[in-house]
Amino acid sequence: MGNINSAITGVNSWVPEYKLTNHELSKMVDTNDEWITSRTGIKERRILKGNGLASSDLGCKAVNGLLSKKKISPSEIDLIICATATPDMLFPSTACIIADKIGAKNAFAFDVMAACSGFLYSLDVASKYIESGLYKKIIVVGADKMSSIVDYEDRKTCVIFGDGAGAVLLEPSENEYCIKDSILKSDGSGRNYLKMVAGGSFKPSSLQTVNSKEHFIYQDGKTVFKFAVSCMADISVEIMKRNNLSPDDVAWLVPHQANKRIIDATANRMGLGTDKVMINIQKYGNTTNATIPICLSEWEEKLKLGDNIILSAFGGGFTWAAIYLSWSY
Ligand code: UT7
């Protein structure tokens, strides 16, 4: 028997129906469509409306759709990893809640928290479990209800984020169409530039933390932008170089959708034309852990067996990551 490789064998995504447009935002804060479009590339984002609905509900929609597409019963799943920055609660994990809601009775489940790089961190962890031979069917789901931590009075952040979820199925493969390489990095000295301060053990929730809006995202956009551009481009070029991939060898770049300008800079450094870059930020904004699987899902029909794909992300922490894979179907 050859080595066990790990392959993405299915993908699905789900976004809520409600569209929050730039025009609507311009009635809520001092902003306008021209500023948002030129600085970020975003035109609208989806918002999950309804009482009691959380990231797990977004995740369940994506995972249930994936299981029906693949004709797999929930009981066949060995492990569910949920990448989220907006867990339903601090604990139990959102992955446990998703597993229960979908009836994945034989799966163990846990969350990975690496802000916007969480989906790639999770994919890497999942691929190692598959390669070990221990597990045969793993779901990695990125789900974020970003609207639950966005201050809709802060024009610097409220224009950026949206809600959504995407999920992939990982299975063993003995051929070369599989996950080939990964690079994961973090630097906690960047922690103060992108954060949600209160609600954890450092600053437990209190009247004061609510009044001072510390349960919302804080971002020093300019600093994060600077790091995002250099780190995402560097890591994407690094993974190309160490796998001897020329721009011609790469079929697709799947970048985290944080800002169109960051995506363009990354593609440019990699030597890729825009026709090879998955971009849907105009429709969904930054859905944090869901951006990459939503792209894969929307481009699924265009993907061909053996396409060389590079996934790349940067997020709070700081965390950043790149994964190189050869598409398996
Ligand atoms: O996914 C996790 C990683 N996150 C990221 O990668 C995000 C990285 N950062 C960014 O994408 C950009 O920094 C932002 C889109 C957040 C902001 O764009 P920017 O070009 O860096 O703008 P800025 O923050 O430097 O602000 C420029 C000006 C400021 O006005 P003054 O001080 O020059 O008068 C802001 O107050 O634009 C103003 N501004 C706005 N104006 C209209 C900030 N937000 C808005 C807004 N509408 N929504």
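These notes cover the structure that comes with them. Per chain, residues are indexed from 1 in the order of the written sequence. With pLDDT at 70 or above as the cut-off, local features in this predicted model cover only qualifying residues; side-chain atom pairs require 80 or more to be listed or tallied, and sums for whole chains, interfaces and linings still use all residues. Side-chain metrics rest on all non-hydrogen atoms present in the structure, leaving aside hydrogens and water.

Our focus in this paragraph is the layout of surface pockets. Roughly 1200 Å³ of internal volume is contained in the largest pocket. Lining the largest pocket we find 42 residues, and of these A85, P87, M113, I149 and M196 sit closest to its centre. Each helix is a run of H or I in the DSSP string that is no shorter than four residues. Each strand is a run of E no shorter than two, and both are numbered from the N terminus. Sorting the residues of the lining of the largest pocket by element identifies β5 (108–112), β9 (194–195) and α7 (207–211) as the ones contributing at least two each. In the lining of the largest pocket, the residues fall into 21 nonpolar, 14 polar and seven charged. Two domains each donate at least three residues to the lining of the largest pocket, and these are domain 1 (5–173) and domain 2 (179–326). Only protein atoms enter the 1 Å grid, on which a cavity is a set of points fitting a 1.4 Å probe that cannot get out and a pocket is an open set with protein on both sides within 12 Å along at least 5 of 7 lines, lining residues being those with an atom within 4 Å of a point. Grid points are joined across faces, edges and corners, and a volume is the space filled by probe spheres set on the points. When its volume is computed, the second largest pocket comes out at roughly 990 Å³. Within the residue set of the lining of the second largest pocket, elements represented by two or more residues are α2 (33–40), α6 (155–158), β9, β10 (218–219), α8 (221–242), α9 (260–270) and β12 (308–315). Tallying contributions element by element places α8 first for the lining of the second largest pocket, with six residues. All amino acids are sorted into three groups, where Ala, Val, Leu, Ile, Met, Phe, Trp, Tyr, Cys and Pro are nonpolar, Asp, Glu, Lys and Arg are charged, and the leftover types, Gly among them, are polar. Residue composition of the lining of the second largest pocket, by class: 17 nonpolar, ten polar and twelve charged. Domain delimitation follows an automatic or database domain assignment.

So, about the side chain of T157. Relative to the elements of secondary structure, T157 occurs in helix α6. Each residue is placed in one exposure class: buried if its accessible area under a 1.4 Å probe, protein chains only, is under 20% of its type's maximum, exposed if it is over 50%, and partly exposed if it falls in between. Its relative accessible area of 1% is what places T157 among the buried residues. In protein, a polar contact means a hydrogen-donor-capable atom and an acceptor-capable atom, both N or O and within 3.5 Å, with residues adjacent in sequence counting only if both atoms are side-chain atoms; elsewhere, any N or O pair within 3.5 Å suffices. Among the polar contacts listed, one links the side chain of T157 to the side chain of D154, at a separation of 2.9 Å. If we ignore the near neighbours within four places in the chain, the residues touching T157 are D151, I217 and Q219. In this description, contact between two residues means that some pair of their heavy atoms is separated by no more than 4.5 Å.

For the rest of this paragraph, the subject is the nonpolar core. Counting residues in each nonpolar core, the largest one holds 41 residues, and the members touching the most others are I217, L253, M270, I310 and F314. Looking at this core, the elements with two or more residues in it are α8, α9, β12 and β13 (319–326). Top element by residues in this core is α8. It accounts for eight residues. Viewed by domain, this core spans two of them, domain 1 (5–173) and domain 2 (179–326), each represented by three or more residues. Look past the residues within four positions of I217 in its chain and what remains in contact with it is M146, I149, V150, T157, F161, L194, K195 and M196. Here, nonpolar core means buried Ala, Val, Leu, Ile, Met, Phe, Trp, Tyr and Cys residues that are tied together by side-chain atoms lying within 4.5 Å of each other.

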